[in-house]
Amino acid sequence: MSAAQPRPEPRTDWTRAEIAALFDLPFTELIFRAAGVHRAHHAPAEIQLCTLLSIKTGGCVEDCGYCAQSVFADAGVKATKLMDVREVLQSAARAKDAGSQRFCMGAAWRNPKDRDMPAIVEIVKGIAAMGMESCMTLGMLTPSQAGRLADAGLDYYNHNIDTSPERYSEVITTRTMDDRLETLCHVRSAGINVCSGGIVGMGETRADRVGFIHTLATLPRHPESVPVNALVPVRGTVLGNMLADTPLAKIDDIEFVRTVAVARITMPLSMVRLSAGRESMSDATQALCFLAGANSIFTGDTLLTAPNAGDDADAALMERLGMTPMQGEEPLAKINGAKTNGAKIDGRALAAAE
Ligand code: SF4
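From a predicted model like this one, the values you see are computed outputs, not experimental measurements. (Residues numbered from 1 in each chain as written. Predicted model: local features only at pLDDT ≥ 70, side-chain atom pairs only at ≥ 80, totals over all residues.)

### Concerning the packing of helix H10 (residues 253-266) against helix H11 (residues 283-291)
Formally: Here, axes are lines fitted to C-alpha atoms. For helices the fit covers the stretch in contact, and angles between N-to-C directions go from 0 to 180 degrees. Helix and strand definitions follow DSSP, with helices as H or I runs of at least four residues and strands as E runs of at least two, each counted in order from the N terminus. Angles below 35 degrees are treated as roughly parallel, those above 145 as roughly antiparallel, those between 65 and 115 as roughly perpendicular, and all remaining angles as oblique. The handedness criterion is simple: a crossing whose near helix is rotated anticlockwise from the far helix by less than a right angle is left-handed, and one whose near helix is rotated clockwise is right-handed. What counts as a contact is two residues whose backbone-derived C-beta atoms lie within 7 Å of each other. Gly falls in the polar group here, along with every residue not listed as nonpolar (Ala, Val, Leu, Ile, Met, Phe, Trp, Tyr, Cys, Pro) or charged (Asp, Glu, Lys, Arg).
Viewed as axis vectors pointing N to C, H10 and H11 meet at an angle of 20°, and their least axial separation amounts to 9 Å. On the basis of their axis angle, the class for H10 and H11 is roughly parallel. Crossing of H10 against H11: the hand is right-handed. Where H10 abuts H11, its residues Asp-253, Val-257 and Val-260 lie against Thr-285, Leu-288 and Cys-289. Classifying every residue of the contact of H10 with H11 gives 4 nonpolar, 1 polar and 1 charged.

Structure follows, in structure tokens:
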């Protein structure tokens, strides 16, 4: 990190007008500013590598319009039971061997049942014992479930806010944005790091993207990780059916990079993660995202049920860009003092792991 760069401190009092003004900047100016913020707080040539596993797929009673795992979707996803603990831990061990710093697990639930918690706790403990970071996304949590996950050693909990408060009910009707924020509050109170972001390209307006970033950037504390997804329209889902074959079906690359840059500027210490939709981005767009402050990716061939770029493509891209896997703890997690297992990881070059 360059000593000459300014180090803007995190603010949680952003106004929508300020965020809209960032989006409106000339592209080159926006990227220059975002890259400056990024370099002030993060090693600009390092990328955090995370692996995502679906530990319970499909059959979810929520009606998220983008999701193939909802019982309301007709996308051919077969519902499964919660995976066996041993199988999950074997997958985590393979991900660690391949250079992943964090093992993220998703279960297609509205919320975990208390009867599911012993197996979940066993998984979290097993991953902590490997010296690997863990992240789970299990739906809404009660304060006591968040406490049990924290006691087990869970490092991160993912709970996306998805979109702007105004657009929320057009995408999901079985829960509200307030339900989402309540779980984030329980996760914070339990001392677990927060991973929260959303999806762009769902046919929303620029104002919705402003509202989405504004909601995250004005939380009492910024999420430690902010995944920015580009919708992967899947036939059989509400949004996939609506957007397939329309010009709105894919977010404009420049607008996507703008969203990443604005997330970086408004949440300077957070990790900004390129998540779903990366497999259909050109290498040049991904490189622009990294320049604009994205510094985390999911590796592997699939993201829950959606396709992902794949390890070979990622290794080749990282090598071409001269980027290396991040090692050690994230800046915000370090400052917030929440325990993570990341500092114990010896990151290794993705290319070397091939
Ligand atoms: S996104 Fe999550 S909560 Fe929504 S339907 Fe899919 S699995 Fe369920």
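### Let's talk about the nonpolar core
Heads up, the condition is: What we call a nonpolar core is a set of buried Ala, Val, Leu, Ile, Met, Phe, Trp, Tyr and Cys residues whose membership is set by joining through C-beta atoms within 7 Å. Three exposure classes are used, all based on how many other C-beta atoms lie within 10 Å of a residue's own C-beta (placed from the backbone): buried at 20 or more, exposed at 12 or fewer, and partly exposed between those limits.
Within the largest apolar cluster, 91 residues are counted, with the highest numbers of intra-cluster contacts made by Leu-149, Tyr-157, Ile-192, Val-260, Ala-261 and Ala-292. Per element, the largest residue contribution to this core is 7 residues, and it comes from H10. With residues up to four places along the chain from it excluded, the contact list for Ala-261 reads Leu-30, Ile-31, Ala-34, Ala-292 and Gly-293.

### Remarks on helix H2 (residues 27-41)
Formally: Here a helix's expected span is defined as the number of its residues, less one, multiplied by 1.5 Å. What the arc measures is the spread of directions leading from the helix axis to the C-beta atoms.
With 15 residues, H2 should reach 21 Å at 1.5 Å per residue; the first-to-last C-alpha distance of 22 Å fits that figure. Among the residues making up H2, those that are buried are Leu-30, Ile-31, Ala-34, Val-37, His-38 and His-41. Down the axis, H2 shows its buried residues gathered within 130° of arc, on one side only. Along H2, the residues that are exposed and aim more than 90 degrees away from the buried face are Thr-28 and Glu-29.

### Thoughts on helix H3 (residues 85-97)
A rise of 1.5 Å per residue sets the reference length of H3, with its 13 residues, at 18 Å; its end C-alpha atoms lie 19 Å apart and thus fit the reference within 8%. Listed as buried for H3 are Val-88, Ala-92, Ala-95 and Lys-96. Around the axis of H3, the buried residues are gathered within 100° of arc, so they sit on the same side. Turned more than 90 degrees away from the buried face of H3, the exposed residues are Arg-86, Glu-87, Gln-90 and Asp-97. Buried residues along H3 sit against strand S1 (46-56), strand S2 (102-107) and helix H4 (117-129). Where H3 terminates, the next one or two residues include Gly-99, which has phi positive at roughly 105°.

### Remarks on unusual backbone geometry
Residues other than glycine seldom take positive phi values, yet Asp-162 does so here, at roughly 70°. Secondary-structure assignment places Asp-162 in the loop between strand S4 (156-158) and helix H6 (168-171). Take Asp-162: there are 22 C-beta atoms within 10 Å of it, and that puts it in the buried class.

### Quick look at the site of the ligand
Rules: Any residue qualifies as near a molecule or strand once its backbone-derived C-beta atom lies within 6 Å of it.
Around the ligand lies a shell formed by Cys-60, Glu-62, Cys-64, Cys-67, Gln-69, Ser-70, Ala-108 and Gly-139. Taken together, the residues of the shell around the ligand break down into 4 nonpolar, 3 polar and 1 charged.

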